[in-house]
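# Remarks on the overall topology
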Amino acid sequence: MKVRPWYLVLFLLPTVTLFILIYAIPLVTVFISSLTNYRLMNPVTGFVGFANYIRLFQDKVFFQAVTNTFIWIILQCTVHVGLGLLIALMLYKKPWGWKFIRTTYMIPNIISNAAIAIIFLNVFNPAFGVINSTLKLIGLESLTRNWLMDVKTAFPSVTVTWFIFAGYTTTIILAHAISIDEGIIEAAKVDGASNFQLDTLIMLPLLKKIIGTTSIMAGAYMLQMFDLIYLTTTGGPGRITTNLPLLLYSTYKTENNYAYANTVGVIIILGGVLVIAVINKLFRINKIDY
């Protein structure tokens with residue numbers, strides 16, 4: 001059957017139009033405005049070239065935000081995805097109560113981030129929080145502290161608020177694992193493969209691309225992480241838990257400097273491209289296996 005090119009154009013036109021209006025034009029606008037001195041209350045906007053970028057790379061807060069963001073990305077793409085993979089492999093074997101465990105583990109991921117932030121604000125509360133109350137109960141009152149506001153514990157404490165909830169990763173990897181031809185697994189068992197060998201030599205290679213995909217999702221999630229950090233620490237104490245989205249928000253909110261904020265936005269976009277490129281390279285996601 002001969003496919004007429006104009007049919008393809010007709011069917012693609014709505015998608016391409018929406019992409020241009022919703023994504024392409026705003027992205028171009030972000031980049032162009034980052035080269036100006038645009039402020040919301042200033043009707044006169046002038047071209048300043050790369051002045052905003054020069055200022056940004058001279059800002060110590062920016063480097064703190066970049067460092068925090070990429071530490072969280074690395075943790076999310078390794079330990080967080082690894083946790084989801086481990087649980088998915090356990091559930092794949094369908095132990096007793098595996099459906100209940102799968103459903104229960106997914107619950108935190110369907111709760112809004114605002115609700116999770118409030119829960120952890122109570123968990124880490126220095127006066128009546130679960131952690132400090134437990135430490136007092138077992139005689140370790142000397143270890144109690146204001147976990148989210150202590151310079152030494154703020155970063156790991158705010159990380160815990162999302163780090164252990166790998167429900168989406170678990171679900172995606174588990175769905176892919178279930179779709180694997182059981183004949184491959186049975187053949188390996190007949191050849192005498194142990195459970196450890198099945199997981200490391202059979203399952204992991206077959207799941208490599210989906211692990212890479214979930215790693216990209218995890219990295220992208222961290223590049224837009226805002227609400228949990230804002231509601232728990234607001235980037236503090238000081239700038240200990242500030243990341244790029246929080247820096248962008250504080251810039252336009254406190255300085256009303258939309259051009260400078262969009263400069264941070266451009267860095268976030270470039271960071272996303274870098275993360276995707278690196279993970280694609282590591283997992284060879286775009287390579288076709290024959």
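Everything discussed here concerns the structure shown above.
Residues numbered from 1 in each chain as written. Predicted model: local features only at pLDDT ≥ 70, side-chain atom pairs only at ≥ 80, totals over all residues. Heavy atoms only, no water.

What follows concerns the overall build of the protein. A tally of regular secondary structure across the protein gives 14 helices and 0 strands. Taken from the N to the C terminus, the helices and strands of the protein come in the order α-α-α-α-α-α-α-α-α-α-α-α-α-α. Considering only C-alpha atoms, the protein reaches an extent of 80 × 75 × 30 Å along its principal axes. The buried share of the protein, taken over its 290 residues, is 38%. Here the analysis covers contacts within the protein between residues at least 6 apart in sequence; of these, 67% occur between residues at least 24 apart. For the protein, the accessible area works out to roughly 17300 Å², and carbon and sulfur atoms hold 71% of it. Side-chain charges of the protein comprise 20 positive and 11 negative groups, with the mean position of each set lying 8 Å from the other. (Helix = DSSP H or I, 4+ residues; strand = E, 2+ residues; numbered from the N terminus. Buried < 20%, exposed > 50% of the residue type's maximum accessible area, 1.4 Å probe, protein only. Contact = heavy atoms within 4.5 Å. Areas by Shrake-Rupley, 256 points an atom, 1.4 Å probe, with all protein chains shown as cover. Lys, Arg positive; Asp, Glu negative; His and termini not counted. Charge placed at Lys NZ, Arg CZ, Asp CG, Glu CD.)

Before going further, it helps to spend a moment on a positive patch on the surface. On the surface, Lys208, Lys281, Arg284 and Lys287 cluster together to form a positively charged patch. Turning to its location among the elements, Lys208 is positioned in helix 11 (residues 208–223). Judged by relative accessible area, Lys208 falls into the partly exposed class, the value being 35%. (Patch = residues over 30% accessible without salt bridge, like charges linked within 9 Å, V, L, I, M, F, W, Y side chains within 5 Å. Salt bridge = Lys/Arg side-chain N within 4 Å of Asp/Glu carboxyl O.)

So, about the packing of helix 3 (residues 60–92) against helix 8 (residues 167–178). Where helix 3 meets helix 8, the axes come as close as 8 Å, and the angle between the chain directions of the two elements is 45°. As summarised for this structure, helix 3 and helix 8 are arranged oblique, according to the angle between their axes. Handedness of the helix 3/helix 8 crossing: right-handed. Counting all contacts with helix 3, which are made through His80, Val81, Gly84, Leu85, Ile87, Ala88, Leu91 and Tyr92, the residues of helix 8 involved are Thr169, Thr170, Ile173, Leu174, Ala177 and Ile178. (Axes fitted to C-alpha atoms, helices over the stretch in contact; angles between N-to-C directions. Parallel < 35°, antiparallel > 145°, perpendicular 65-115°, else oblique. Left-handed = near helix turned anticlockwise from the far one by under 90°.)

Let us now look at the nonpolar core. Formed by 37 residues in total, the largest nonpolar core has its most connected members in Trp72, Trp162, Ile229 and Leu244. At 7 residues, helix 14 (residues 258–283) tops the list of elements feeding residues into this core. Apart from residues no more than four positions distant in its own chain, Trp72 is found in contact with Phe155, Val158, Thr159, Trp162, Met222, Ile229, Thr241 and Asn243. Within the second largest apolar cluster, 22 residues are counted, among which are Leu85, Ile87, Tyr92 and Ala218. (Core = buried A, V, L, I, M, F, W, Y, C linked by side-chain atoms within 4.5 Å.)

The subject of this paragraph is the packing of aromatic side chains. The full count for this structure, using the stated rule, is 15 aromatic pairs. With centroids separated by 5.4 Å and ring planes inclined at 75°, the aromatic side chains of Tyr230 and Tyr249 adopt a geometry described as edge-to-face. Taken together, the positions of Tyr230 in helix 12 (residues 227–232) and Tyr249 in helix 13 (residues 244–255) put the pair 19 residues apart, joining distant regions of the chain. Tyr230 sits in the partly exposed class, given a relative accessible area of 31%. By relative accessible area, Tyr249 is classed as partly exposed at 21%. Geometrically, the ring pair formed by Tyr249 and Tyr252 is edge-to-face, given 5.6 Å between the ring centres and 90° between the ring planes. Of the two residues, Tyr249 and Tyr252 both sit in helix 13, 3 residues apart, roughly one turn of that helix. With a relative accessible area of 28%, Tyr252 lands in the partly exposed category. Members of the aromatic cluster, each reached through a chain of ring pairs, are Tyr38, Phe226, Tyr230, Tyr249, Tyr252 and Tyr258. (Phe/Tyr/Trp six-rings, centres within 6.5 Å; stacked < 30°, edge-to-face > 60°.)

Turning our eyes to something else, we now look at the pattern of salt bridges. Counted according to the given criterion, the structure contains 2 salt bridges. When the shortest N-O distance is used, the salt bridge between Asp150 and Arg145 registers 3.8 Å.

Turning to its location among the elements, Thr251 is positioned in helix 13. A polar atom in the side chain of Thr251 sits 2.7 Å from the backbone oxygen of Leu247. Here Thr251 is in contact with Asn256, Asn257, Tyr260 and Ala261, once residues within four sequence places are set aside. (Polar contact = N/O pair within 3.5 Å; in protein donor to acceptor, adjacent residues only side chain to side chain.)

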